[in-house]
Amino acid sequence: DAGVIQSPRHEVTEMGQEVTLRCKPISGHDYLFWYRQTMMRGLELLIYFNNNVPIDDSGMPEDRFSAKMPNASFSTLKIQPSEPRDSAVYFCASSSFEKLFFGSGTQLSVL
Amino acid sequence: GNSVTQMEGPVTLSEEAFLTINCTYTATGYPSLFWYVQYPGEGLQLLLKATKADDKGSNKGFEATYRKETTSFHLEKGSVQVSDSAVYFCALLGSSNTGKLIFGQGTTLQVKP
């Protein structure tokens with residue numbers, strides 16, 4: 001298996017623009033997680049899904065953030081409108097039987 | 001609620017030195033415990049795990065023992081290498097198994113030649 005695949009690897013955008021991050025989990029995994037990592041706050045869980053259903057979105061910082069999982073093989077994290085403080089590395093991870101696998105992350109820079 | 005506390009970094013060691021990174025946890029019941037490692041520019045990857053008291057997880061020369069009496073899961077390695085330089089995260093999965101791992105804040109390890 002290719003592992004958890006995220007795209008794009010890097011995203012540079014201007015304040016106010018919409019940003020969409022994409023994730024393909026490992027086939028057969030029933031959990032999917034979105035994390036954000038910054039120097040100031042460390043690793044933060046934003047939202048996670050079980051069998052495509054959102055379970056806990058309490059970590060989503062504001063209404064500007066939304067996440068969807070339309071099927072077992074695809075998820076998106078959208079920020080609209082983006083702000084400079086959203087600059088971070090965003091990780092997607094999937095798991096099954098307690099083993100969590102991370103993607104390589106999307107480095108987002110909002111200018 | 002469940003929580004994980006790690007020693008603050010950065011930890012700076014010379015090659016071949018002994019490593020300990022402390023991790024303690026708070027949880028009800030019998031959680032599973034994990035160490036993840038993050039190399040520069042990459043996502044986290046599982047290093048080792050232990051699922052019950054007194055279990056020892058080990059991988060790549062790293063070890064950690066699940067100590068329920070002290071609620072600890074300290075990471076150790078007898079002789080570190082420059083290639084071990086990374087950020088190490090302790091994590092737990094609660095016994096209710098919601099699927100959600102609770103991570104510590106991470107400890108940066110720098111190994112100098």
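Our subject is the structure listed above.
The shown structure was predicted, so the numbers you read here are calculated from the model rather than taken from an experiment.

Colleague: What should I look at first to understand the overall build of chain A in this one?
Modeller: A count of helical and extended segments in chain A gives zero helices and 11 strands. Overall, chain A shows an N-to-C arrangement of helices and strands of β-β-β-β-β-β-β-β-β-β-β. Against the compact-globule benchmark of 13 Å for 111 residues, chain A has a radius of gyration of 13 Å, which places it among compact chains. Structurally, chain A occupies a C-alpha span of about 40 × 25 × 25 Å along its principal axes. When the 111 residues of chain A are sorted by exposure, 49% land in the buried category. Here the analysis covers contacts within chain A between residues at least 6 apart in sequence; of these, 53% occur between residues at least 24 apart. If the 10 positive side-chain charges of chain A are averaged to one point and the 13 negative ones to another, these points end up 4 Å apart.

Colleague: I would appreciate a short explanation of the state of the cysteines in the present structure.
Modeller: By definition, a disulfide links the sulfur atoms of two cysteine residues through a covalent bond. This model, assessed by the stated rule, comprises two disulfides over all chains. The side chain of A:Cys23 participates in a disulfide bridge whose partner is A:Cys92; the two sulfur atoms lie 1.9 Å from each other. A torsion of -65° about the S-S bond marks the disulfide between A:Cys23 and A:Cys92 as left-handed. Remark: A:Cys92 occurs in strand β9 (residues 88-96) and A:Cys23 occurs in strand β3 (residues 19-24); sequence separation between them is 69 residues. Taking relative accessible area as the criterion, A:Cys23 reaches 1% and is therefore assigned buried. A disulfide bridge connects B:Cys23 with B:Cys90, and the sulfur atoms are separated by 1.9 Å. Torsion about the S-S bond of the B:Cys23 and B:Cys90 cystine: about -70°, corresponding to left-handed handedness. Of this pair, B:Cys23 sits in strand β4 (residues 23-26) while B:Cys90 sits in strand β10 (residues 86-93), and the two are 67 residues apart along the sequence. For the pair shown, B:Cys23 and B:Cys90 are each scored as buried.

Colleague: How should the pattern of salt bridges be read in this particular structure?
Modeller: Oppositely charged side chains may form a pair once their charged atoms are brought near each other. Residues and elements named next belong to chain A. The tally for this structure, following the rule as stated, stands at 11 salt bridges over all chains. Among the salt bridges present, the one from Lys78 reaches Glu18, with a minimum N-O distance of 3.9 Å. With Lys78 in strand β8 (residues 74-79) and Glu18 in the loop between β2 (10-13) and β3, this pair connects stretches of sequence that are 60 residues apart. Assessed through its relative accessible area of 44%, Glu18 is described here as partly exposed.

Colleague: What should I look at first to understand the interface of chain A and chain B in this one?
Modeller: Reports often express the size of an interface as the amount of accessible area lost when the parts come together. Chain A puts 18 residues into the contact, and the matching count from chain B is 19 residues. Considering only the surface of chain A that becomes buried against chain B, A:Glu98, A:Leu100 and A:Phe102 emerge as the three largest contributors, covering 39% of it. Connecting chain A to chain B are one salt bridge. In this structure, A:Asp56 engages B:Lys100 in a salt bridge whose closest nitrogen and oxygen atoms are separated by 3.2 Å. The tally of links between chain A and chain B comes to four residue pairs in polar contact (both at pLDDT 80 or more). Counting residues per element, the ones that place at least two in the side of chain A that touches chain B are β4 (31-38), β5 (42-50), β9 and β10 (99-102) of chain A.

Colleague: Any chance you could explain the sheet that holds β8(A) here in plain terms?
Modeller: By way of backbone hydrogen bonds, the strands of a sheet pair with one another, either parallel or antiparallel. Residue and element names in this part refer to chain A. Taken in spatial order, the four strands make up an open sheet running β1-β3-β8-β7, and their pairing is antiparallel. Looking along the sheet, the strands with just one partner apiece sit at the ends: β1 (5-7) and β7 (65-71). For this sheet the average axis-to-axis angle between neighbouring strands, irrespective of direction, equals 15°. Examined bridge by bridge, β7 and β8 share five bridges and lie antiparallel to one another. Bridge assignment links Asn71 to a residue of β8, and that residue is Phe74.

Parameters at a glance
- Residues numbered from 1 in each chain as written.
- Chains lettered and ligands numbered in written order.
- Predicted model: local features only at pLDDT ≥ 70, side-chain atom pairs only at ≥ 80, totals over all residues.
- Heavy atoms only, no water.
- Helix = DSSP H or I, 4+ residues; strand = E, 2+ residues; numbered from the N terminus.
- Rg over C-alpha atoms; globule rule 2.2 N^0.38 Å.
- Buried < 20%, exposed > 50% of the residue type's maximum accessible area, 1.4 Å probe, protein only.
- Contact = heavy atoms within 4.5 Å.
- Lys, Arg positive; Asp, Glu negative; His and termini not counted.
- Charge placed at Lys NZ, Arg CZ, Asp CG, Glu CD.
- Disulfide = S-S within 2.5 Å.
- Salt bridge = Lys/Arg side-chain N within 4 Å of Asp/Glu carboxyl O.
- Buried area = accessible area lost by both parts, 1.4 Å probe.
- Polar contact = N/O pair within 3.5 Å; in protein donor to acceptor, adjacent residues only side chain to side chain.
- Pairing = 2+ DSSP bridges.
- Axes fitted to C-alpha atoms, helices over the stretch in contact; angles between N-to-C directions.

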